[in-house]
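Chain and residue survey
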Amino acid sequence: MSDTVLCPKCSSEFTYPSDNMTVCSQCFYEWNPEEAASEASNEGKILDANGNELQDGDSVVVVKDLPVKGAPKPVKAGTKVKNIRLRPDSDHNIDCKIDGFGSMALKSEFVKKA
């Protein structure tokens, strides 16, 4: 078994450790293998603005005013949204209903878990 670490940028096998980083000798990309491992474990999960994992049915709070196309006013910061549905395959990865606005999709980076 080999301990060769492949470069995440160019997939080269010619890498070497330097202090707490790993360096690719082909493209000179530097990365921390521990951070790369933690990012890989979060892949596929939907996280809120604070890094908490969201689940279907959670309640969230909007963290900033969000303009709504076609509506005269924005969704205000502090608005609580109940019973969200997650859509991991979409850019706007939360489906919800907001009182006064109806059904809409939100990005998880603009909400925090309630």
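No experiment lies behind these values; they were computed from the predicted model shown.

Now for the domain arrangement of the protein chain. Each domain of the protein chain was delimited in the assignment, giving domain 1 (1-43) and domain 2 (60-113). The centre of domain 1, based on its C-alpha atoms, is set 37 Å off from the matching centre of domain 2.

The sites that carry the UniProt feature "domain: Protein YjdM C-terminal" (unreviewed entry) are, in the present numbering, residues 47-114. Counted over residues 47-114, helix gives 0% and strand 29%. Its end C-alpha atoms are 13 Å apart.

Attention now goes to the sheet that holds strand 6 (residues 85-86). Reading across from one edge, 6-7-8 is the order of the three strands in this open sheet, with antiparallel pairing throughout. Pairing within the sheet leaves two strands with one partner each, and these edge strands are strand 6 and strand 8 (102-106). Summarising the sheet, strand 7 (residues 94-98) and strand 8 pair through five bridges and their orientation is antiparallel. Paired with K97 across the two strands is S103, which belongs to strand 8.

Let's shift gears to the environment of P33. One can find P33 in helix 1 (residues 33-42). Along the backbone, P33 and P17 are 16 residues apart, and their C-alpha atoms lie at a distance of 9.7 Å.

Peptide bonds are mostly trans, and most non-glycine residues show a negative phi. One non-glycine residue, S11, lies in the positive phi region at around 65°. For S11, a relative accessible area of 53% corresponds to the exposed category.

In this fold, N93 is placed in the loop between strand 6 and strand 7. Relative accessible area serves as the criterion here: at 12%, N93 is assigned to the buried category. Leaving out residues up to four positions away in the same chain, N93 has contacts with I46, R85, L86, R87, L106, K107 and S108.

If a probe the size of a water molecule is rolled over the atoms, the empty space left behind becomes visible. As a volume, the largest pocket reaches approximately 160 Å³. Lining the largest pocket are L66, P67, V68, H92, M104, A105, L106, K107 and F110. For the lining of the largest pocket, a count of residues per class yields seven nonpolar, one polar and one charged.

In this section: the environment of N20. Tracing the backbone through its elements, the reader meets N20 in the loop between strand 1 (15-18) and strand 2 (21-24). Expressed as a C-alpha distance, the spacing of N20 and L66, which sit 46 residues apart in the sequence, is 41 Å.

Thresholds, definitions, all that
Residues numbered from 1 in each chain as written. Predicted model: local features only at pLDDT ≥ 70, side-chain atom pairs only at ≥ 80, totals over all residues. Heavy atoms only, no water. Domains from an automatic or database assignment. UniProt positions renumbered as here; feature names shortened; annotations may be inferred. Helix = DSSP H or I, 4+ residues; strand = E, 2+ residues; numbered from the N terminus. Pairing = 2+ DSSP bridges. Buried < 20%, exposed > 50% of the residue type's maximum accessible area, 1.4 Å probe, protein only. Contact = heavy atoms within 4.5 Å. 1 Å grid on protein atoms, 1.4 Å probe; cavity = no way out; pocket = protein on both sides within 12 Å on 5 of 7 lines; lining within 4 Å. Points joined across faces, edges and corners; volume = space filled by probe spheres on them. Nonpolar A, V, L, I, M, F, W, Y, C, P; charged D, E, K, R; others polar.

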